Amino acid sequence: MKTQIRKAMDPIRADDALIGTTREAIYRHREQRVDTPQRGVRRRLVATMAVLLSCLLVVAGSVAFLRFPTAAISLDVNPSVEIQVNAMRRVLSAEAFNPEGEALLEGLQLEGRPAAQAIQAIVAAAVQAGYIQENGASIISVATASGSDRLRTKLEAKVEQAIHEALGESGHEAVIYGEAIGLERVEEARELQITPGKLNLIQKLIDLDPSRTVEELMGLNPAEIMKQVVELRQAAHGSDDKGPD
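Residues numbered from 1 in each chain as written. Predicted model: local features only at pLDDT ≥ 70, side-chain atom pairs only at ≥ 80, totals over all residues. Heavy atoms only, no water.

1. Things to note about the overall build of the protein
Consideration 1: In terms of regular secondary structure, the protein is built from 9 helices and 5 strands.
Consideration 2: For the protein, the succession of helices and strands along the chain, N to C, is α-α-β-β-β-α-α-β-α-β-α-α-α-α.
Consideration 3: Split into buried and exposed, the 245 residues of the protein put 37% on the buried side.
Consideration 4: A separation threshold of at least 6 residues defines the contact pool for the protein, and within that pool the share at least 24 residues apart is 52%. (Helix = DSSP H or I, 4+ residues; strand = E, 2+ residues; numbered from the N terminus. Buried < 20%, exposed > 50% of the residue type's maximum accessible area, 1.4 Å probe, protein only. Contact = heavy atoms within 4.5 Å.)

Given below as structure tokens:
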């Protein structure tokens with residue numbers, strides 16, 4: 001290529017220095033044109049890597065999102081258990097707060113299941129273990145906590161339906177006491193190693209009888225706590241109160 005350029009410029013009459021400078025400029029231009037495809041490949045490679053990195057970041061963010069707990073549902077019969085749920089209403093973890101709860105959760109594979117299915121499985125296990133009486137005298141206390149009112153409302157409806165279905169399949173009945181609670185109550189309950197629902201019931205009893213303490217009432221099951229709440233309210237108002245508000 002350089003020989004051809006030199007022959008083409010031989011007939012031109014000009015200063016040798018100018019001819020030499022022009023010839024070198026042409027050489028450089030040709031070399032740059034030869035390198036251009038390589039630079040294009042590099043640019044495409046960089047662009048492809050940027051797209052792949054963006055995809056990886058999106059995937060990592062999605063995984064983190066699905067592993068982040070956005071709600072907690074506690075269930076107390078005598079066994080006390082709690083499940084943590086992500087934004088897709090799938091169970092991230094299940095925790096027991098007493099020996100009965102530990103025995104109840106043993107063998108149940110709840111992680112990854114929809115929250116309603118998990119609650120249904122827990123109630124079915126409680127029925128099978130004899131914690132829920134057939135005559136309807138048992139009380140199931142359920143507390144749902146979430147920073148999202150919309151998510152909490154959906155969970156409450158799904159959970160109540162799941163409990164009714166589990167009881168219906170077994171032919172049992174029970175009093176279902178469900179309540180929405182704040183996330184601060186969840187943290188407070190965790191420090192005391194009890195479920196938020198049970199702490200909520202204890203607080204209702206203390207509101208009626210300030211002489212009682214949380215430590216004193218922690219050993220009672222929800223049915224015993226609710227019975228005392230009803231008795232105190234009936235004594236104070238002479239009403240036919242059926243349960244805590």
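2. Quick notes on the pairing of strand E5 (residues 175-181)
Consideration 1: Direction of pairing for strand E4 (residues 139-146) relative to E5: parallel, over a ladder of 7 bridges. Paired with Ser141 across the strands is Tyr177, a residue of E5.
Consideration 2: In this view, the connection linking E4 to its parallel neighbour E5 by way of helix H5 (residues 149-170) has right-handed handedness. (Pairing = 2+ DSSP bridges. Right-handed = clockwise from strand over helix to strand, strands pointing away.)

3. Re the environment of Tyr177
Consideration 1: Note on placement: Tyr177 falls in strand E5.
Consideration 2: Distance from Tyr177 to Glu160, taken between C-alpha atoms, is 9.4 Å for residues 17 residues apart in sequence.

4. Description of the pattern of salt bridges
Consideration 1: Throughout the structure, instances matching the rule amount to 6 salt bridges.
Consideration 2: Two residues, Glu82 and Arg190, come together in a salt bridge whose shortest N-O distance is 2.5 Å. Remark: Arg190 occurs in helix H6 (residues 183-192) and Glu82 occurs in strand E2 (residues 80-85); sequence separation between them is 108 residues.
Consideration 3: Overall, the relative accessible area of 23% leaves Arg190 in the partly exposed class.
Consideration 4: Here Arg152 ties to Asp149 by a salt bridge, and the two come within 2.5 Å at their closest N and O atoms. Residue Arg152 and its partner Asp149 are located together in helix H5, separated by 3 residues, close to a single helical turn.
Consideration 5: Taking the relative accessible area as the measure of exposure, Asp149 reaches 51% and is therefore exposed. (Salt bridge = Lys/Arg side-chain N within 4 Å of Asp/Glu carboxyl O.)

5. Looking at the nonpolar core
Consideration 1: One finds Ile73, Leu75, Ile83, Ile119, Ile122, Val123 and Ile140 to be the most contacted residues of the largest nonpolar core, which totals 30 residues.
Consideration 2: Listed by contribution, the elements that provide at least two residues to this core are strand E1 (71-76), E2, strand E3 (91-96), helix H3 (99-105), helix H4 (115-128), E4 and H5.
Consideration 3: The greatest single-element share of this core, amounting to 9 residues, is contributed by H4.
Consideration 4: When near neighbours in sequence (up to four residues on either side) are disregarded, Val123 contacts Leu75, Ile132, Ile140, Ile163, Ala166 and Leu167.
Consideration 5: Ranked by size, the runner-up nonpolar core spans 14 residues in total, among them Tyr177, Leu205, Met226 and Val229. (Core = buried A, V, L, I, M, F, W, Y, C linked by side-chain atoms within 4.5 Å.)

6. Structural notes on the sheet that holds E1
Consideration 1: Pairing is mixed in the open sheet, where 5 strands are placed in the order E3-E2-E1-E4-E5. Either end of the sheet is taken by a strand with one partner, and the two such strands are E3 and E5. Across this sheet, the average inter-strand angle for adjacent strands is 15 degrees, counted without regard to direction.
Consideration 2: Alignment of E1 against E2, held across 6 bridges, turns out to be antiparallel. Bridged to Ile73 within E2 is Ile83.
Consideration 3: Sheet strands in contact with H4 are E1, E2, E3 and E4, and its direction is about 165 degrees off that of E2. (Axes fitted to C-alpha atoms, helices over the stretch in contact; angles between N-to-C directions.)

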